[in-house]
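One-letter residues, chain by chain:
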Amino acid sequence: MTDFLTQAKELFPYTQSLRRDFHRHPELGFREIRTGGIVARELELLGIEVTKGVGKTGVVGLLEGGKPGPTLLLRFDMDALPIMEETGAEYASQNNGVMHACGHDGHTAIGLTVAKILHAHRDQLAGTIKFCFQPSEEGNNGEDVGGAEMMMRDGVLDGPKVDMSISLHLWNEKPLGWLGVKNGPIMAGAEIFTVRILGKGGHGAIPDVAVDPIVAAANIVNALQTIVARNVSPLDTAVVSVTNIHGGTAFNVIPQEVRLEGTIRTFDNVVRQRVVERFEQIVRGIGEGMGCQVVVNIERITPALVNNESITSQVQETARRVLSESNLDSSYQTMTAEDMAFIQEKVPGCYFFVGSNDKARHLDYGHHHPKFDFNEEALLRGSALMAAAAVDLLNEK
Ligand SMILES: [Zn+2]
Ligand SMILES: [Zn+2]
């Protein structure tokens, strides 16, 4: 049987140099021109059929196996964040104010490494691998949708039709050696809300003739805390966070308006509907009760990311074999969001986490921190598991 870990180790200098190159030259969502160019070049060098411009800067590679079978999509996100890097690493960003602070440089390098491994074993593949290098996972960056949806619009799930998917995230919340592979919901559905509370401005010393939106806002923020505490079952999970409040200009002026913004996170659609319904009732009820007009806008960012049972159990089995030394966690889930959820709404899949922090070397800052960096050994673990799981999935279906 093929030893995927040994192969990933042999390819590690390649993986590491790609990762560091991407890290030096980060690009924001839908601007991954250089990154996508390198991806296309590396895939073409292997003789893999490449399509560029799928979802603006996305790149798709198609590798047909030696035997017929289903099509498996492997997805890797490529975008960086608008953060000024403070790692002091020798491979630090040379693009001022832009940084790979989420590990997508590593994901792209893993994707190209997996392509090399799977290309070498294409005769063993009973089916087709579709490599999906996705732009703009971190947000829409000025477009009407993010990278996953943009690629879906351009038909990434068709021609050939995708039957299943695997994807991963390097995970600095957990140490190197840890793997998170869980069935069912693993990342939350996310909404962004904005609330405008419109009162009647006036003199701070004559509140009785004004309608004060600040007092209404204060009561609303407090009452919103009762949704999770009183309306969601203690056995379910939800988050309601008000993350910014804007109102007022001077110490003696009652403002006309206060704006609130924040996010709602849930794993389950029934819970989500209940939270959204209570949110609107509370905001309107309190705001209007205090004499204000209220304008509520709740917009869905992503659905929950839900893993398929049979694909996930195959990935777990592969992980036990290929990375037998790992601490395999089959219950980990997080309230963060991920646009792979749009793809997994259409195609059954497994999204897994590869622990990457290293406290001893101070490589344990969280994702999106200006000092974020990880132990690069996680790259070879991710590559080995993804390549092996791809072969296993195509050969058992
Ligand atoms: Zn991120
Ligand atoms: Zn990320």
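Residues numbered from 1 in each chain as written. Chains lettered and ligands numbered in written order. Predicted model: local features only at pLDDT ≥ 70, side-chain atom pairs only at ≥ 80, totals over all residues. Heavy atoms only, no water.

*Asks:* So what's going on with the nonpolar core? Residues and values would help.
*Replies:* By size, the foremost hydrophobic cluster in this structure holds 66 residues, and its most contacted members are Leu74, Leu118, Ile129, Phe131 and Phe352. The dominant element in this core, judged by the number of residues it contributes, is helix 10 (residues 377-396), at 13 residues. Setting aside its immediate chain neighbours within four residues, Leu118 contacts Leu63, Leu74, Leu125, Ile129, Phe131, Ala387, Ala390 and Val391. Membership of the second largest hydrophobic core comes to 24 residues, among which are Phe193, Val195, Leu260 and Val271. (Core = buried A, V, L, I, M, F, W, Y, C linked by side-chain atoms within 4.5 Å. Buried < 20%, exposed > 50% of the residue type's maximum accessible area, 1.4 Å probe, protein only. Helix = DSSP H or I, 4+ residues; strand = E, 2+ residues; numbered from the N terminus. Contact = heavy atoms within 4.5 Å.)

*Asks:* Before we move on, can you summarise helix 2 (residues 12-24) with the specific residues and values?
*Replies:* In a regular helix each residue adds 1.5 Å, so 13 residues correspond to 18 Å; helix 2 covers 18 Å between its end C-alpha atoms and thus fits that length. Among all positions of helix 2, only Phe12, Tyr14, Thr15, Leu18, Arg19, Asp21, Phe22 and His23 are buried. Buried residues in helix 2 make contact with helix 1 (4-10), helix 3 (33-45), helix 4 (104-120) and helix 10. (Expected span 1.5 Å × (residues − 1).)

*Asks:* Report on the coordination of the zinc ion (ligand 2), specifying residues and quantitative values.
*Replies:* Protein coordination of the zinc ion (ligand 2) is provided by Cys102 (SG), His104 (NE2) and His169 (NE2), with donor distances spanning 2.1 to 2.4 Å. Between consecutive donor residues of the zinc ion (ligand 2), the sequence gaps follow C-x1-H-x64-H. The metal-metal distance between the zinc ion (ligand 2) and the zinc ion (ligand 1) comes to 3.2 Å, with Cys102 coordinating both. Residues Cys102 and His104 agree in their burial class; the two are buried. (Donors = N, O, S within 2.8 Å, 3.2 Å for Na, K, Ca; no water.)

*Asks:* Describe in detail the packing of helix 6 (residues 213-231) against helix 7 (residues 269-289), supporting the description with residues and values.
*Replies:* Two elements in contact, helix 6 and helix 7, have axes separated by 9 Å at closest approach and are oriented at 150°. Here helix 6 is positioned roughly antiparallel relative to helix 7, judged by the angle of their axes. The chirality of how helix 6 crosses helix 7 is right-handed. The segment helix 6 lies against helix 7, with Ala216, Asn219, Ile220, Ala223, Leu224, Thr226, Ile227 and Asn231 engaging Arg274, Val275, Arg278, Phe279, Ile282, Val283, Ile286 and Gly287. Residues of the contact of helix 6 with helix 7, tallied by class, amount to 10 nonpolar, four polar and two charged. (Axes fitted to C-alpha atoms, helices over the stretch in contact; angles between N-to-C directions. Parallel < 35°, antiparallel > 145°, perpendicular 65-115°, else oblique. Left-handed = near helix turned anticlockwise from the far one by under 90°. Nonpolar A, V, L, I, M, F, W, Y, C, P; charged D, E, K, R; others polar.)

*Asks:* Report on the sheet that holds strand 8 (residues 189-198), specifying residues and quantitative values.
*Replies:* Sheet strands pair via backbone hydrogen bonds, and the direction of the pair is either parallel or antiparallel. The strand order across the open sheet formed by four strands is 10-12-8-13, and the pairing between neighbours is antiparallel. Whereas interior strands pair on both sides, the edge strands pair on one side only; in this sheet they are strand 10 (238-247) and strand 13 (293-302). Neighbour to neighbour, the strand axes of the sheet diverge by 15° on average, direction disregarded. In this structure, strand 8 lies alongside strand 13, joined through nine bridges in antiparallel fashion. Paired with Phe193 across the strands is Ile298, a residue of strand 13. Sitting on the sheet, helix 6 touches strand 8, strand 10 and strand 12 (257-266), and the angle it makes with strand 10 is about 170°. In this fold helix 7 packs onto strand 8, strand 10, strand 12 and strand 13, with an angle of close to 160° to the strand it touches most, strand 13. (Pairing = 2+ DSSP bridges.)

*Asks:* Give me the packing of helix 8 (residues 309-322) against helix 10: which residues, what numbers.
*Replies:* Between helix 8 and helix 10, whose axes approach to 9 Å, the crossing angle comes to 125°. Here helix 10 runs oblique to helix 8, going by the angle between their axes. The two elements helix 8 and helix 10 cross, and the hand of that crossing is right-handed. Along its contact with helix 8, which presents Ile311, Gln314, Val315, Thr318, Ala319, Arg321 and Val322, the element helix 10 presents Ala384, Leu385, Ala388, Ala389, Asp392, Leu393 and Glu396.

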